[in-house]
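Spelled out from the first residue to the last, the chains are:
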Amino acid sequence: MTSNDPDEALLKRVAGGGDGAVRDMVARKLPRLLGLANRLLGDRAEAEDVAQDVFLRIWRQAGKWRSGEALFDTWIHRVALNLCMDRLRKRREIYVAQPPDRADPGPGPDGGIAAREERDAVKAAIDALPDRQREAIVLQYYQELSNVEAAALMGIGVEALESLLARARRNLRASLVGDRP
Amino acid sequence: MTPERFLEIVDAYGAAARRWPAEERAEAEAFALNDAEAQATLAREAGLDRMLGAYRIAPAGSALTGAIIASARPRRRLSWAVILKGLGIVGAGLAGALVGTFLMMVYAPSTPTFADDDQPILTSFDVSGGDYDLDDTP
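Residues numbered from 1 in each chain as written. Chains lettered and ligands numbered in written order. Predicted model: local features only at pLDDT ≥ 70, side-chain atom pairs only at ≥ 80, totals over all residues. Heavy atoms only, no water.

### What about the overall build of chain B?
Our working definition: Strands are runs of DSSP state E lasting at least two residues, helices are runs of H or I lasting at least four, and both sets are numbered from the N terminus onward. The buried label applies to any residue whose accessible area, calculated with a 1.4 Å probe on protein chains only, is under 20% of its type's maximum; exposed applies above 50%, and partly exposed to all values in between. We call two residues contacting when some pair of their heavy atoms lies within 4.5 Å. The accessible surface values rely on the Shrake-Rupley method and a 1.4 Å probe; as for residues, cover is taken only from the protein chains in view.
Regarding its fold elements, chain B presents 6 helices and 0 strands. Buried positions account for 27% of the 138 residues belonging to chain B. Sequence separation of at least 24 residues holds for 42% of the intrachain contacts in chain B that already meet a minimum separation of 6. Accessible surface for chain B amounts to roughly 10100 Å². Of this, 64% is attributable to carbon and sulfur atoms.

Okay, structure coming up:
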């Protein structure tokens, strides 16, 4: 039986312990994980911690992975999402009126001032969304997951996902363009 | 595809058809081709999509990438592949030592011992001459 998981062959190579396989896995998954955590948490250092935690779990899981139960990419999204949610929960518990400064490297000088300003504006608008709306837009728009995958990861139905997405986009348009939500 | 459902899809998923629900994509695309209001909605949402696309994440630095790659090493030290590889090296060393010992036993000249030497003793003192006469009479 052939697996339809595009990551399974690489996972087997990682379980075999090859240096090249480890590098390939990092090259394939790190940008997506970093993007997910960075946009959900709005904090680069925390996002890097989450990415490292997810990879530790990948190394531990590689030899025990059972194909057919879930796609590997869905599993790492679930792990990353849970780690991010834990951090957001803790952050709310120790909420302070003045949010800490967040150093977040954006596009370099080549990106230009206008591009940097636009990026910062979008980041601020995404950061300001309620957690569930942010989660929905990051999974569906930035991670490009299907509606079914995103809804399953969030533990909701597709209709509820669509409602969250529509509200998120209205809020973003209000922040970025000035439209009323 | 109804106008209401088309609006719901674009409100939720944006203007890019590749992000729309797979089972409704073809119908929604066909609907948009012939509906002026649908095209206006698409244009509005495309503007928001373009802005959202500006939020790019800087790629991982070499320090983070290196730390993650290094974090895989303890796992690999404990893997069976590494253990077997180590045992192979030790086994090859032991085999070499055994072969060396065997070759030494076969080809190295044996050391003579007095116990099994049946040749006459070549070193002796001849005390028959006058030089060794114990008689001290001049």
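### Looking at the overall build of chain A
For chain A, the count of helices and strands is 8 helices and 0 strands. Counted from the first residue to the last, chain A has its helices and strands arranged as α-α-α-α-α-α-α-α. Out of the 181 residues belonging to chain A, those deemed buried represent 46%. If you take every contact in chain A between residues at least 6 apart in sequence, the share linking residues at least 24 apart comes to 62%.

### Describing the pattern of salt bridges
Just so we agree on the cut-off: Any carboxyl oxygen of Asp or Glu that lies within 4 Å of a side-chain nitrogen of Lys or Arg is treated as forming a salt bridge with it.
Under the counting rule described, the total for this entry stands at 27 salt bridges over all chains. Residues A:Lys29 and A:Asp73 are paired through a salt bridge, measuring 2.9 Å at the closest nitrogen-oxygen approach. Remark: A:Asp73 occurs in helix α4 (residues 72-93) and A:Lys29 occurs in helix α2 (residues 19-41); sequence separation between them is 44 residues. One salt bridge in this structure joins A:Glu144 and B:Arg19, with 3.0 Å as the shortest N-O distance. Within this pair, whereas A:Glu144 is found in the loop between α6 (131-142) and α7 (147-154), its partner B:Arg19 is found in the loop between α1 (3-13) and α2 (25-33), the two belonging to separate chains. When its relative accessible area of 44% is taken as the criterion, A:Glu144 is described as partly exposed. Given a relative accessible area of 13%, B:Arg19 falls into the buried group. One network of salt bridges, in which partners are shared, links A:Arg169, A:Arg173, B:Asp11, B:Arg44, B:Glu45 and B:Asp49.

### Looking at the interface of chain A and chain B
Test applied: Values labelled buried area give the accessible surface lost by two parts on being combined, using a 1.4 Å probe and summing over both. Polar contacts, as used here, are pairs of N or O atoms within 3.5 Å; protein pairs need one atom able to donate a hydrogen and one able to accept it. Residues neighboring in sequence count only if both atoms are side-chain atoms. For this classification, the nonpolar set comprises Ala, Val, Leu, Ile, Met, Phe, Trp, Tyr, Cys and Pro, the charged set comprises Asp, Glu, Lys and Arg, and every other residue, Gly included, is treated as polar.
Taken together, the contact pairs 43 residues of chain A with 37 residues of chain B. When the buried area of chain A at its contact with chain B is split by residue, A:Trp59, A:Tyr141 and A:Arg169 rank highest and sum to 17% of it. At the junction of chain A with chain B, the criterion picks out 7 salt bridges. On the surface where chain A and chain B come into contact, there are 19 residue pairs in polar contact (both at pLDDT 80 or more). Elements with a minimum of two residues in the side of chain A that touches chain B: α1 (8-16), α2, α3 (44-61), α5 (113-128), α6 and α8 (158-176) of chain A. Here the side of chain A that touches chain B is composed, by residue class, of 21 nonpolar, 9 polar and 13 charged.

### A look at the packing of α2(A) against α4(A)
Residue and element names in this part refer to chain A. Applicable threshold: The axes are straight lines fitted to the C-alpha atoms, using for helices just the contacting stretch, and the angles between their N-to-C directions are given from 0 to 180°. Each helix crossing is assigned a hand: it is left-handed if the near helix lies turned anticlockwise from the far helix by less than a right angle, otherwise right-handed if that turn is clockwise.
Two numbers describe how α2 lies on α4: the axes approach to 10 Å, and their chain directions differ by 30°. Pair α2 / α4 crosses with right-handed handedness. Together, Met-25, Lys-29, Arg-32, Leu-33, Leu-36, Ala-37, Leu-40 and Leu-41 of α2 and Phe-72, Asp-73, Ile-76, His-77, Ala-80, Leu-81, Cys-84, Met-85, Arg-87, Leu-88 and Arg-91 of α4 make up the contact between the two elements. Partitioned by chemical class, the residues of the contact of α2 with α4 number 13 nonpolar, 1 polar and 5 charged.

### What to know about the environment of A:Asp43
Residues and elements named next belong to chain A. The topology assignment puts Asp-43 in the loop between α2 and α3. Given the relative accessible area of 14%, Asp-43 is considered buried. When the C-alpha positions of Asp-43 and Asp-127 are compared, they lie 9.7 Å apart, and in sequence the two are 84 residues distant. Here Glu-46 takes part through its backbone nitrogen, which lies 2.8 Å from a polar atom of the side chain of Asp-43.

### Describing the side chain of A:Glu46
All names here are of chain A. On the secondary structure map, Glu-46 appears in helix α3. Judged by its relative accessible area of 19%, Glu-46 falls in the buried class. Looking at Glu-46, its side chain comes within polar contact range of the side chain of Arg-87, at 3.2 Å. Setting aside residues up to four positions removed in sequence, Glu-46 forms contacts with Leu-41, Arg-87 and Arg-91.

### A few points about α1(B)
Residues of α1(B) that are buried include every one of B:Arg5, B:Phe6, B:Ile9, B:Val10, B:Asp11, B:Ala12 and B:Tyr13, and no others. On its buried face, α1(B) sits against α6, α7 and α8 of chain A together with α2 and α3 (36-52) of chain B. Directly after α1(B), the chain includes B:Gly14, whose backbone phi takes a positive value near 90°.

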